[in-house]
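Here's the letter readout for the chains.
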Amino acid sequence: MTPQTRADLLTRIWWAGVHSVGGQASVAASLETAPIPRPDLILSVGKAAVAMARAAHARFPDSPILAIAKTGHTEPGHTEPGHTEPGLPFEILQAAHPVPDLTSLTAGARLLAEVVAAPPDSHLLLLVSGGASSLVEVPRPGLTLTDLATLNRALLASGKDIGVMNAERAQHSLIKGGGLLARFKGARVTILAISDTRGDLIATIGSGIGLCLPRPGLIAETRIVASNIVARAAATAKARALGLQVLDRGEVLYDDVAACANLIARGLPSEPGLTLWGGEPTVILPDNPGRGGRNQALALHLAGQIAGVPDLSLLVAGTDGNDGPTEAAGGLVDGTTWGQGADTALTRADSGSFLACRNALFTTGPTGTNVMDMALALRG
């Protein structure tokens with residue numbers, strides 16, 4: 001099996017996993033399996049906001065919809081199979097990610113206004129996916145936009161787990177941590193969420209933008225409609241359909257990228273076949289970091305682990321199609337990727353520049369979902 005053949009297979013398998021958790025397909029399946037009454041208002045927020053809103057519109061074409069998405073993520077870069085309809089038949093706001101800016105405050109104010117204005121007997125359908133922490137914000141009194149941006153930059157550089165970061169973000173917000181739905185005075189709320197956090201807890205997804213605390217007279221239902229385990233299961237099924245032996249080592253990538261690289265290296269396949277991992281590694285950034293993200297850094301660390309190995313390739317990528325503040329989703333490396341300057345690139349958090357020079361970046365465009373990251377290793 002040539003390196004190009006391995007790269008092609010890894011790409012096909014990775015996309016099978018991502019398509020299985022697409023925002024449109026996941027919401028449509030949930031509404032088909034467990035129907036809900038027609039909502040009076042549909043709000044969708046996160047990196048998968050538009051894809052999720054499409055499914056809701058198909059099911060409830062007469063319900064008003066507002067989707068708040070990351071700038072540039074209004075259409076998937078790689079369309080989900082069977083979902084190619086053109087046009088955007090609902091209102092969309094675009095806002096900043098991963099650091100909030102004025103568009104995030106505008107979107108947050110609009111989101112809060114829609115919830116507050118809902119009548120007492122209304123039914124709200126709230127669609128939530130990762131990225132909402134930056135996309136929408138209503139800061140607590142006394143906090144400025146500069147304060148929020150500084151906080152988020154520090155958190156992103158800290159190496160902290162996403163759950164810890166989102167808990168800190170919620171403390172500075174009027175709409176996170178259950179604050180948004182606490183202001184909903186309607187009769188019913190349904191929350192459908194795509195999980196990008198460890199444990200698939202609604203309290204941590206989007207810093208708890210979809211958390212609904214119990215209150216008398218309110219009917220509330222929360223469903224997780226897609227997660228990393230679903231994506232890995234679909235990737236496993238695709239690999240087996242291609243005739244490969246498969247080992248899923250689980251959702252275990254919750255450490256610094258160097259530690260995750262060592263964990264993966266200890267579990268690489270020794271015989272022909274595919275091994276996969278899920279999770280969301282962390283990275284501590286230096287001052288003035290270069291180009292790249294956690295997946296590109298992990299891919300480059302792994303390139304060092306397999307340097308000179310002739311029959312092994314690895315793909316590490318974020319399922320949302322983004323890795324840090326870059327256009328790449330991650331990296332696709334083999335035994336020839338590592339070389340002079342790689343150590344320096346890792347030290348400077350400039351893995352993306354090195355991988356670009358080695359033609360090892362993995363770029364997909366927006367995917368219409370966000371269930372953390374997947375790492376796949378294929379030995380041929």
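Computed from a prediction, not measured in an experiment: that's the story for all the values here.

Reading guide: rules and limits
Residues numbered from 1 in each chain as written. Predicted model: local features only at pLDDT ≥ 70, side-chain atom pairs only at ≥ 80, totals over all residues. Heavy atoms only, no water. Helix = DSSP H or I, 4+ residues; strand = E, 2+ residues; numbered from the N terminus. Rg over C-alpha atoms; globule rule 2.2 N^0.38 Å. Buried < 20%, exposed > 50% of the residue type's maximum accessible area, 1.4 Å probe, protein only. Contact = heavy atoms within 4.5 Å. Areas by Shrake-Rupley, 256 points an atom, 1.4 Å probe, with all protein chains shown as cover. Lys, Arg positive; Asp, Glu negative; His and termini not counted. Charge placed at Lys NZ, Arg CZ, Asp CG, Glu CD. Axes fitted to C-alpha atoms, helices over the stretch in contact; angles between N-to-C directions. Left-handed = near helix turned anticlockwise from the far one by under 90°. Nonpolar A, V, L, I, M, F, W, Y, C, P; charged D, E, K, R; others polar. Salt bridge = Lys/Arg side-chain N within 4 Å of Asp/Glu carboxyl O. Polar contact = N/O pair within 3.5 Å; in protein donor to acceptor, adjacent residues only side chain to side chain.

1. A word on the overall build of the protein
Right, on to step 1. The secondary structure content of the protein amounts to 12 helices and 12 strands.
Right, on to step 2. Computed over C-alpha atoms, the radius of gyration of the protein comes to 21 Å, within 12% of the 21 Å expected from 2.2 N^0.38 for 380 residues, which places it in the range of a compact globule.
Right, on to step 3. Among the 380 residues that make up the protein, the fraction classed as buried is 55%.
Right, on to step 4. For the protein, contacts bridging at least 24 residues in sequence account for 81% of all contacts bridging at least 6.
Right, on to step 5. As displayed, the protein has an accessible area near 14700 Å², and 55% of this comes from carbon and sulfur atoms.
Right, on to step 6. Positive and negative charge centroids in the protein, built from 29 and 33 side chains respectively, lie 2 Å apart.

2. Quick word on the packing of helix 2 (residues 23-33) against helix 3 (residues 49-59)
Right, on to step 1. Relative orientation of the contacting elements helix 2 and helix 3 amounts to 35°, with a least axis distance of 6 Å. Considering only the axes of helix 2 and helix 3, their crossing is right-handed. Counting all contacts with helix 2, which are made through Gly 23, Gln 24, Val 27, Ala 28, Leu 31 and Glu 32, the residues of helix 3 involved are Ala 51, Met 52, Arg 54, Ala 55, Ala 56 and Arg 59.
Right, on to step 2. When its residues are assigned to classes, the contact of helix 2 with helix 3 shows seven nonpolar, two polar and three charged.

3. Here we look at unusual backbone geometry
Right, on to step 1. Following His 97, the chain continues into Pro 98 via a peptide bond in cis, with omega recorded as 15°.
Right, on to step 2. As for its position among the elements, Pro 98 is in the loop between strand 3 (91-95) and helix 4 (102-116).
Right, on to step 3. Backbone geometry at Asn 359 places phi at a positive 55°, although glycine is not the residue there.
Right, on to step 4. Among the secondary structure elements, Asn 359 is positioned in the loop between helix 12 (351-357) and strand 11 (361-362).

4. A word on the pattern of salt bridges
Right, on to step 1. Tallied over the full model, the rule gives 13 salt bridges.
Right, on to step 2. Measuring nitrogen to oxygen at the nearest pair gives 3.1 Å for the salt bridge that ties Glu 137 to Lys 176. Of this pair, Glu 137 sits in the loop between helix 5 (132-135) and helix 6 (145-158) while Lys 176 sits in the loop between helix 7 (162-171) and strand 5 (188-194); the two residues are 39 residues apart in sequence, bridging distant segments of the chain. Pair check on accessibility: Glu 137 and Lys 176 agree, each one buried.
Right, on to step 3. Taking the shortest distance from any N to any O, the salt bridge between Arg 294 and Asp 373 comes out at 2.7 Å. Taken together, the residues Arg 294 in helix 10 (residues 294-305) and Asp 373 in strand 12 (residues 373-379) connect sequence positions 79 residues apart.
Right, on to step 4. A relative accessible area of 2% places Asp 373 in the buried class.

5. Structural notes on the side chain of Ser 313
Right, on to step 1. Secondary-structure assignment places Ser 313 in strand 9 (residues 312-318).
Right, on to step 2. At a separation of 2.8 Å, a polar atom in the side chain of Ser 313 contacts the side chain of Arg 6.
Right, on to step 3. Excluding anything up to four places from it in sequence, Ser 313 contacts Pro 3, Arg 6, Leu 10, Val 333, Asp 334, Leu 376, Ala 377 and Leu 378.

Function-wise, these values are silent; they only describe arrangement.
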